[in-house]
Amino acid sequence: MDYKEGAYKVRDLSLAEAGRKRIEWAESRMPVLMHLRERYSKTQPFKGYKIAGCLHVTKETAVLIETFKACGAEVAWSGCNPLSTQDDIAAALAAAGVEIYAWHGQTVEEFYWSIERTLDKPPHLTLDDGADLIFTVHHKRPDLAQHIIGGSEETTTGVKRLRAMAADGKLLYPVFAVNDAETKWDFDNVYGTGQSTIDGILRATSVLLAGKNFVVAGYGHCGRGVAMRARGMGANVIVTEVKPTAALKAVLDGFRVMPMDEAAEIGDIFVTATGMKDVIRGRHFRKMKDGAIVCNTGHYDVELNLKELAELAVRVREVRPNNKEYLLENGRRIYVLADGRLVNLAAAEGHPSEVMDMSFANQFMAHLMLVEKHKAGEKLPPQVIDLPEELDQEIARIKLETMGIRIDTLTDEQRAYATDYTAGT
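Before going into details, it helps to say that this report is about the structure given with it. (Residues numbered from 1 in each chain as written. Predicted model: local features only at pLDDT ≥ 70, side-chain atom pairs only at ≥ 80, totals over all residues. Heavy atoms only, no water.)

Notes on the overall build of the protein
From N to C terminus, the protein includes 18 helices and 17 strands. With respect to the principal axes defined by its C-alpha atoms, the protein has extents near 70 × 65 × 45 Å. Buried residues in the protein amount to 54% of all 425 residues. Computed over 52 positive and 60 negative side-chain charges, the inter-centroid distance for the protein is 3 Å. (Helix = DSSP H or I, 4+ residues; strand = E, 2+ residues; numbered from the N terminus. Buried < 20%, exposed > 50% of the residue type's maximum accessible area, 1.4 Å probe, protein only. Lys, Arg positive; Asp, Glu negative; His and termini not counted. Charge placed at Lys NZ, Arg CZ, Asp CG, Glu CD.)

Focus on the sheet that holds strand β15 (residues 323–328)
If you trace the eight strands from one edge of the open sheet to the other, you get β11-β10-β9-β12-β13-β16-β15-β14, paired in mixed fashion. Single-partner strands in this sheet number two, and they are β11 (256–257) and β14 (313–320). Where β14 meets β15, six bridges bridge the pair, whose relative direction is antiparallel. By the bridge assignment, valine 316 is partnered in β15 with tyrosine 326. Taken strand by strand, helix α10 (residues 221–232) contacts β9 (213–217), β10 (236–240) and β12 (269–272), and its axis lies near 170° from that of β9. (Pairing = 2+ DSSP bridges. Contact = heavy atoms within 4.5 Å. Axes fitted to C-alpha atoms, helices over the stretch in contact; angles between N-to-C directions.)

Some details on the pairing of β10
Burial analysis of β10 places four of its five residues in the buried class, which makes it a mostly covered element. Sheet topology places β9 next to β10; five bridges connect them, and they run parallel. Opposite phenylalanine 214, over in β10, you have valine 237 as the bridge partner. Once the chain exits β9 it traverses α10 before rejoining the sheet at β10, and the crossover so formed is right-handed. (Right-handed = clockwise from strand over helix to strand, strands pointing away.)

Describing unusual backbone geometry
Residue asparagine 322 is not a glycine yet carries a positive backbone phi of 60°. Tracing the chain through its elements places asparagine 322 in the loop between β14 and β15. One non-glycine residue, alanine 338, lies in positive phi territory at about 55°. Relative to the assigned elements, alanine 338 resides in the loop between β16 (333–337) and α15 (343–346). In this structure alanine 338 comes out as buried when scored by relative accessible area, which is 3%.

Side note on the nonpolar core
One recurring pattern in soluble globular proteins: nonpolar side chains tend to sit buried together. Membership of the largest hydrophobic core comes to 56 residues, with the highest contact counts inside it found for Phe46, Phe68, Ile100 and Phe364. At 12 residues, helix α16 (residues 353–375) tops the list of elements feeding residues into this core. (Core = buried A, V, L, I, M, F, W, Y, C linked by side-chain atoms within 4.5 Å.)

Remarks on the pattern of salt bridges
Taken as a whole, this structure holds 35 salt bridges when the rule is applied. With a closest N to O distance of 3.6 Å, aspartate 168 and lysine 170 form a salt bridge. The exposed category is assigned to aspartate 168, whose relative accessible area is 51%. One salt bridge in this structure joins glutamate 325 and arginine 315, with 2.8 Å as the shortest N-O distance. Placement of glutamate 325 in strand β15 and of arginine 315 in strand β14 is noted, with a sequence separation of 10 residues between them. Using a relative accessible area of 37% as the deciding quantity, one classes arginine 315 as partly exposed. (Salt bridge = Lys/Arg side-chain N within 4 Å of Asp/Glu carboxyl O.)

Considerations on helix α11 (residues 244–252)
Those residues of α11 not exposed but buried are Ala246, Ala247 and Ala250. Down the axis, α11 shows its buried residues gathered within 100° of arc, on one side only. The exposed set on the far side of α11, more than 90 degrees from its buried face, consists of Pro244, Leu248, Lys249 and Leu252. Turning to α11, the residues buried within the fold contact β10 and β11. (Arc of directions from axis to C-beta.)

Observations regarding the pairing of β9
For β9, the tally of buried residues reaches five of five residues, placing the bulk of the element in the interior. By the alternation rule, side chains of β9 split into Asn213, Val215 and Ala217 and Phe214 and Val216, which are all buried. Alignment of β9 against β12, held across four bridges, turns out to be parallel. Of the residues in β12, the one forming a bridge with phenylalanine 214 is isoleucine 269.

Here's what the structure looks like:
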C-alpha cells in the first residue's frame, strides 16, 4: 500500500501510467464536462474553495475531479463503496497531486477512515454518492457543518435518506439532489445501470443470457434499465415489485410480474435494484434452482441477506473473480456476485463515460451554483434542493451538439400560444 500522510493512500502508485491512459480515454468521450472545464478554467470560480468528495473512483470520476481542480478547487476524495475503486485510477490521481484515499477491497473500518481523512482540512463543499460523507459530517464532525456552504448527492438511495433527514429537521446544510435531475436519472440510471449491470454479470460469469429467466427486483429507473438490456440479450425478464404503479408499468412494458417468492422458484439470474434491505433472503435462496446466479446493483449491500444464505450453506468458495459459490444443505448451488455489492462497479467498470458525462456535468454545475450564491452572500436553507429545469435542458443541448444532432426550436408565436389560456379549439 502506498501512503503519504495528508496526501494519499492508494494500492500501488506504479499503476498511475495505466490509469492515466484510461482517464484520457474517458475525457475523449465526455465532451460536455470537457466543455465546462475549458470554459470555467479561464475564470477559476472555485479558487479558494475545498471540495470533499465521496464517489466511486472510476475514470469518469477522475475527469470530474480534474475538472474541479482545473477550475481552481482544492479537492480531497474517497471512494463511496469498498469494492468500486479502480486502483489504477486512484494511483493516477495521487500521482497528479490529488488528495485521495481509496483502494479496492477496503474493510468497513478502512472505508470510513478514508472518508474522515477528506475532512481533516475542513471543506466548503461536499459531493456524495450514497450520503456516507454527509452522514459522517453530521454524526462525527457536526462542527464542520457551519463552514460548509452546501453539497450534492448523486444517487437515489442517498437522496431518499437526505430528504428523510431534512423532513426530520436534522439536515445541517443545503444539498442539491443531482440524482433527481432529468439528465441524470433518465439517462445514467436507466442506460448506464442497464448496460453496466449486464457487463458486470457477464464478466463474473460468462453465461449465456439468451433464454434465461432473468429476475429484476424493482422497476424504478435502474431496474427498468436492467430489464430493457436483459430483454435485448434474449432473456425472459420477470419483475418483482412492491409499488403498484411500478408493477403496472412493468406489465405494460411487456414483462411478467410476480412476487419474489414465486420468482425464486423459476429464476436463473436475479438482480436487485430497489434500495431496500432483505429483498432476497433465506426463504428465497432455499427455493432457487441449482446454479442460480444472484447479484445486486443497488447502492448498498443490504438487498441480499447473505447472512441467512451463509447459514444455509455447508460450503462457500470463490469459483472465479467476483463469483462465490454457496453449496446449500439441499445440494443446490447458489452463485453470488461481488459479495452483494454493486455488480456493475465491483465486477465491471461502472457506467459508460458517455452517460456519466451528463451526470457529472450536473455535479459540476450544482457546485458552481453553490459557490456563486456564496459569493453573492445568499444563504440557502438546509434542505434537499432540485436543480433548475433549465440546467437540464442546457446540458442536454450541449450533449446533442457534441453528437452532431440538431433539433427544432419554437417560434415566438408558438411560445405565446403555449401560455395563452384564452386560445380555444
